[in-house]
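Notes for the structure review
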Amino acid sequence: MNSNKFTSSVQSRTSSGAAGVKPAASSLFENSTLFKGLNDNKQWTISNDNYKLLRDAIMDLLDLDLNHYRTQQMERRLTTLLERRHATSWQAYVANLRRDSVELDYFQEFITINVSSFYRDADKWDFLRSKILPELMAAKPMQGINGWSVGCSIGAEVYTLSMLLTEKAPNRRHALWATDIDARVLERAKAGGPYFQNELRELPSELVQLGMNPVSSQLLTMKPAMKSMVEFGKFNLLKDETTRKFDLVMCRNVVIYFTTEVKPQVYQRMARALRPGGILFIGSTETIANYQQLGFDYIAPSFYRFIG
Ligand SMILES: C[S@@+](CC[C@H](N)C(=O)[O-])C[C@H]1O[C@@H](n2cnc3c(N)ncnc32)[C@H](O)[C@@H]1O
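Residues numbered from 1 in each chain as written. Predicted model: local features only at pLDDT ≥ 70, side-chain atom pairs only at ≥ 80, totals over all residues.

Before going further, it helps to examine the overall build of the protein. Within the protein, the regular secondary structure consists of 10 helices and 12 strands. Across the 308 residues in the protein, those meeting the buried criterion constitute 35%. Within the protein, counting contacts between residues at least 6 apart in sequence, those at least 24 apart form 74% of the total. (Helix = DSSP H or I, 4+ residues; strand = E, 2+ residues; numbered from the N terminus. Buried ≥ 20, exposed ≤ 12 C-beta atoms within 10 Å, placed from the backbone. Contact = placed C-beta atoms within 7 Å.)

Spatial ordering of the open sheet is given by β8-β4-β3-β9-β10-β12-β11, a layout of seven strands whose pairing is mixed. A strand with exactly one partner marks an edge of an open sheet, and here the two such strands are β8 (230–234) and β11 (296–300). Between one strand axis and the next, the sheet turns by 20° as a mean value, whatever way the strands run. Judged from the three bridges that link them, strand β10 (residues 274–282) and strand β12 (residues 303–306) form a sheet pairing that is antiparallel. Bridge pairing in β12 links F281 to F303. Sitting on the sheet, helix α5 (residues 122–139) is in contact with β9 (246–251), β10, β11 and β12, with an inclination near 170° to β10. The sheet contacts of helix α7 (residues 183–191) involve β4 (175–180) and β8, and relative to β8 the element is tilted by about 170°. (Pairing = 2+ DSSP bridges. Axes fitted to C-alpha atoms, helices over the stretch in contact; angles between N-to-C directions.)

Quick look at the site of the ligand now. The ligand sits among 22 residues. The nearest are T112, S116, G151, S153 and L237. When its residues are assigned to classes, the shell around the ligand shows nine nonpolar, eight polar and five charged. (Near = placed C-beta within 6 Å. Nonpolar A, V, L, I, M, F, W, Y, C, P; charged D, E, K, R; others polar.)

With 86% of its residues at a pLDDT of 70 or more, the protein has an overall mean of 86. Long-range and interchain partners of residues 1–35, a stretch whose pLDDT sits below 50, account for 68 contacts in this model, where long-range means more than four residues apart. (pLDDT = per-residue confidence, 0-100.)

A regular strand places its side chains so that they alternate between the two faces of the sheet. β4 sits mainly inside the fold: five of its six residues count as buried. The pairing of strand β3 (residues 146–150) with β4 spans five bridges and is classified as parallel. When the bridges of β4 are listed, V150 appears paired with T179. Handedness of the β-α-β unit built from β3, helix α6 (residues 156–168) and β4 comes out right-handed. The sheet contact formed by β4 and β8 spans five bridges and is parallel. Looking at β8, one finds that A178 is bridged to F232. (Right-handed = clockwise from strand over helix to strand, strands pointing away.)

By the bridge criterion, four bridges tie β11 to β12 in an arrangement that is antiparallel. Its bridge partner lying in β12, D297 is registered against R305. If you look at the hairpin formed by β11 and β12, you'll find two residues sitting between the two strands, and S302 has a positive phi there, around 85°.

Grouped together as the largest cluster of nonpolar side chains are 56 residues, with contacts concentrated most on A178, L248, V249, C251, M270, L274 and L280. The element that contributes the greatest number of residues to this core is α6, accounting for seven residues. Other than its neighbours up to four places away in sequence, L274 contacts K245, F246, V249, L280 and F306. L54, W90, Y93 and L97 belong to the second largest nonpolar core, which has 12 residues in total. (Core = buried A, V, L, I, M, F, W, Y, C linked by C-beta atoms within 7 Å.)

Helix length check: α6, at 13 residues, gives a terminal C-alpha distance of 18 Å against a target of 18 Å (1.5 Å per residue), a fit within 8%. Counting buried residues along α6, 10 of its 13 residues qualify, which places the element largely inside the surrounding structure. Looking at α6, one finds that the buried residues are A156, E157, V158, Y159, T160, L161, S162, M163, L164 and L165. (Expected span 1.5 Å × (residues − 1).)

A cis amide bond links G193 to the next residue, P194, at an omega of 0°. Here P194 shows up in the loop between α7 and β5 (195–196). At D121, a residue that is not glycine, the phi angle is positive and equals roughly 65°. Along the chain, the position of D121 falls in the loop between α4 (101–112) and α5.

The next thing to look at is the sheet that holds β5. Reading across from one edge, β5-β7-β6 is the order of the three strands in this open sheet, with antiparallel pairing throughout. Because the sheet does not close on itself, it has two edges, and the strands there are β5 and β6 (212–214). Across three bridges, β6 lies against strand β7 (residues 219–222) in antiparallel orientation. Note that in β7 the partner of M212 across the bridge is M222.

Running from amino to carboxyl end, helix α1 (residues 48–62) crosses helix α3 (residues 90–99) at an angle of 5°, the nearest separation of the two axes being 10 Å. It follows from the interaxial angle that α1 and α3 lie roughly parallel. Residues N50, L53, L54, A57 and L61 of α1 form the contact with α3, whose own contacting residues are W90, Q91, V94, L97 and R98. Its residues assigned to classes, the contact of α1 with α3 shows seven nonpolar, two polar and one charged. (Parallel < 35°, antiparallel > 145°, perpendicular 65-115°, else oblique.)

Below, the structure written as structure tokens:
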């Protein structure tokens, strides 16, 4: 890893002081005199040693293997994080992670990227609504759909599905599983919100009416019937296994952060969780390179059918 390649300027927070870098008064580490990790231009860099230090600590503290996340992206986020936290060295930041559980939560949330919204990438949901769900339902008349939202973040994705299933087949017993590695986002998801209007900007108004209750002009929560359809749980896509089988697995905008080496293993895990004929729904910018080897047929952008 080249320690000068990925940098994040700290000039914006500097005013005066040692070497032009003065931690703000709220600095987590204002007593530290270490500036390891800053290059001559006062930009954060991460050396192999510091990356290893951080990687080992994160494995130990969060059971999360940074080796499987794309290095460039991870480095960029990490250097940005150090800048934001006004840290003075990688060592000091890691030491603080070990004793400050709030900072550890923040760290996890920041590096795993929880951006999400309802009916995200509307054209894909339109396709699911008009083509995929009717097909899945026709294949099991009278029965409910089993779905899994992998990397569900705040729950917007799985609740979008619960609304669509209610719209199409309100009397069937659908069962949805929604999982994420981040316990904090799972709490909000499980509570059914509240969600901000801007998180629903792509959601058709008839679905809002069907599945949500307004609590103020800006905030809405999920109706109890939507929440009761979903079971939330912690699941690390890089190491946990399930024996459950689903008609539909949604794994969107998660694998995009993983290395090329680990992606096939992750998609294999998805394949194992699908019943033959089941559908894998992935992110708009994602494709599965070796889908045939994994037992999938390509249906349309973002959609694959597991053949077995
Ligand atoms: C960008 S969000 C995507 C949310 C949603 N699927 C969507 O497309 O709107 C990525 C989510 O993946 C989760 N994630 C990252 N690494 C993970 C892992 N190893 N196992 C499970 N979830 C992970 C993050 O915590 C985050 O909530």
